[in-house]
Amino acid sequence: TKGPILVTGGAGYIGSHTVKHLLAQGEQLVVLDNLSMGHAEAVPEGVTLVEGELMDAVLVDWLFTEYKPEAVLHFAASAFVGESVDEPLKYYKNNVVAPLTLLDAMKKHGTLRIVFSSTCATYGNPQFVPMDESHPQVPVNPYGASKLMLERVIQDCEVAWGVKSVFLRYFNASGCDFEGMIGEDHEPESHLIPRILMALRGEIESMTIFGTDYPTADGTCIRDYIHVNDLASAHALALNYLRGGGESTAVNLGTGRGFSVKEIIATAESVTGLKVPVTFGPRRAGDPPELVANPAKAKSVLGWEAQIKDPRQHVESAWKWMTGPKGGRYSK
Ligand code: UFG
């Protein structure tokens, strides 16, 4: 029988979508979340939610004693590039120091499988696109640096005590579950698709395009938008890969196709039939012109491939969440 899985950050945007997916597959799940960004309401019935800090060694040790997780999915982290530049210590504390408590408990209790939410931000400025996993990792902001540091920590732990890991390097997570009952609810919200939809609805006066002078076809940045439900299925496959005795590995999660900011705006207008009020602003610090994944390794190693490749579906699902019963916001 499958043992319980500990999901740190399972009440957050990507964590909660993954929890829903794994629950439907019959997994037993325990979520640890401090609800700083996550929402209790995003955790479905049938999943244990423990509200607390990853840094709380007594609590984390108790979790392992109580639930004896056979694997950990580690989502809990701070994840805003811009904020990381202004508040680096927050990023090193939450993304590097806090997970050491988790790894200590894994070592002590003999839990030797971890799926870690890493990021394309560990690569830094692209030296070539599409980027594969052999791309040099030279992060250009504290967020990317903190994620790369934890990759290194986990690798060193494997040498010392044998923990096996899958690093999932996400590209641009976006979209929401198609039922419209869970979704993306960040405060403040800085991501492109929700900002566009907030502007469409008049929640904000306009959305600003950060830079129109990039060396791309239309002058705006190109990103690889990966649907959050595709990320969820990748976690399930990574977990089963480790259960099957797979060696530690790192894989990119993206579609392999890039879309510009202007293309995403045009998509949102076409999906909703509404006009996006747009203003043009300067480039945002730390934004590379083009980030596109080469996702071939995810397919060969995990058997994973993005199913939701048309950005219309990202926009449609996010729109459904924003205009659905919860209006794009959890009650708290
Ligand atoms: N953008 C705008 N206006 C906005 C918001 C975004 O023009 O109001 C542009 C950005 O400049 C960028 C693109 O839209 O070119 C996507 O921006 P997001 O903020 O949605 O996403 P990022 O690419 O900055 O960040 C994402 C994740 C990070 C991850 C990073 C890797 O949120 O966690 O990709 O580069 F690290």
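Computed from a prediction, not measured in an experiment: that's the story for all the values here. The residue count restarts for each chain, going from 1 along the sequence in the order it is written. Note on the predicted model: pLDDT of at least 70 is required for a residue's local features to be given, and 80 or more for side-chain atom pairs to be given and counted; whole-chain, interface and lining totals, by contrast, use all residues.

Draft legend 1. Quick look at the sheet that holds strand β6 (residues 164–170). When DSSP finds at least two bridges between two strands, those strands are taken to pair. Helix numbers and strand numbers start at the N terminus; a helix is a DSSP run of H or I with at least 4 residues, a strand a run of E with at least 2. Sheet architecture is open: seven strands sit in the order β3-β2-β1-β4-β5-β6-β11, paired in parallel fashion. Two strands in the sheet have a free side with no partner beyond their single neighbour: β3 (48–51) and β11 (249–253). Between one strand axis and the next, the sheet turns by 20° as a mean value, whatever way the strands run. Bridge count for strand β5 (residues 113–119) against β6 is seven bridges, and the pairing is parallel. Within β6, the position partnered with valine 115 by the bridge is valine 166. For every residue pair, C-beta atoms are placed from the backbone, and the pair is scored as a contact if these atoms sit within 7 Å. The axes used here are C-alpha line fits, helices contributing only the stretch in contact, and every angle between their N-to-C directions lies in the interval 0 to 180 degrees. Along the sheet, helix α4 (residues 88–109) makes contact with β1 (5–8), β4 (71–74) and β5, crossing β4 at roughly 170°.

Draft legend 2. Representation of helix α1 (residues 13–24) in the model. What a helix is expected to span follows from its residue count: subtract one and scale by 1.5 Å. Taking 1.5 Å of rise per residue, 12 residues should cover 16 Å, and α1 covers 17 Å from first to last C-alpha, within 8% of that figure. In terms of burial, α1 is largely enclosed, as nine of its 12 residues are buried. Burial is judged by counting the other C-beta atoms within 10 Å of a residue's own C-beta: 20 or more makes it buried, 12 or fewer makes it exposed, and any count in between marks it as partly exposed, with every C-beta position built from the backbone. Among the residues making up α1, those that are buried are Tyr13, Ile14, Gly15, Ser16, His17, Thr18, Val19, Lys20 and Leu22. Along its buried surface, α1 packs onto β1, β2 (29–33), β4, β5, β7 (172–174) and α7 (228–243).

Draft legend 3. Fine view of the site of the ligand. In the region of the ligand, 21 residues are neighbours, and Ala121, His191, Leu192, Phe210 and Cys221 sit closest. Elements with a contribution of two residues or more to the shell around the ligand: α6 (192–200) and β8 (207–210). Grouping the constituent residues of the shell around the ligand by class yields 12 nonpolar, five polar and four charged. Bear in mind that the domain bounds are from an automatic or database domain assignment. Here the shell around the ligand gathers at least three residues from each of two domains, domain 1 (5–173 + 226–253) and domain 2 (192–223 + 256–323). Residues are classed as near a molecule or strand if the C-beta position derived from their backbone is within 6 Å of it. For this classification, the nonpolar set comprises Ala, Val, Leu, Ile, Met, Phe, Trp, Tyr, Cys and Pro, the charged set comprises Asp, Glu, Lys and Arg, and every other residue, Gly included, is treated as polar.

Draft legend 4. Representation of helix α5 (residues 142–161) in the model. Compared with an ideal rise of 1.5 Å per residue, which puts 20 residues at 28 Å, α5 spans 28 Å between its outermost C-alpha atoms and is within 8% of the ideal. Among the residues of α5, Pro142, Tyr143, Gly144, Ala145, Ser146, Lys147, Leu148, Leu150 and Ile154 are the ones counted as buried. Here the buried face of α5 lies against α3 (81–86), α4, β5 and β6.

Draft legend 5. Up close: the pairing of β8. Residues Met207 and Ile209 point to one face of β8 and are all buried, whereas Thr208 and Phe210, pointing to the other face, are not buried. Of the strand pairs in this sheet, β8 and strand β13 (residues 278–281) are connected by four bridges, and their pairing is parallel. Among the inter-strand pairings, isoleucine 209 is bridged to a residue of β13, identified as phenylalanine 280.

Draft legend 6. Up close: the domain arrangement of the protein chain. Each domain of the protein chain was delimited in the assignment, giving domain 1 (5–173 + 226–253) and domain 2 (192–223 + 256–323). Inter-centroid distance (C-alpha atoms) of domain 1 to domain 2 is 24 Å. Across the contact, 28 residues belong to domain 1 and 23 residues belong to domain 2. For the side of domain 1 that touches domain 2, the elements supplying multiple residues, two or more each, are α3, β10 (225–227), α7 and β11. With seven residues, α7 is the largest single contributor of residues to the side of domain 1 that touches domain 2. A class-by-class count of the residues in the side of domain 1 that touches domain 2 yields 16 nonpolar, nine polar and three charged.

Draft legend 7. The arrangement of the pairing of β4 in detail. Side chains Ala71 and Leu73 project from β4 onto one buried face, and the interleaved Val72 and His74 project onto a second face that is buried too. For β1 and β4, the ladder comprises four bridges, and the chain directions are parallel. Among the inter-strand pairings, leucine 6 is bridged to a residue of β4, identified as valine 72. Direction of pairing for β4 relative to β5: parallel, over a ladder of three bridges. Bridging across to β5, leucine 73 finds its partner in valine 115.

Draft legend 8. Focus on the sheet that holds strand β9 (residues 222–223). Taken together, three strands build an open sheet; the order of strands is β12-β9-β14 and the sheet is mixed. Each edge of the open sheet carries a strand with a single partner, namely β12 (259–260) and β14 (290–291). Bridge count between β9 and β12: two bridges; the pairing is antiparallel. Counted as the bridge partner of isoleucine 222 is serine 260 from β12.

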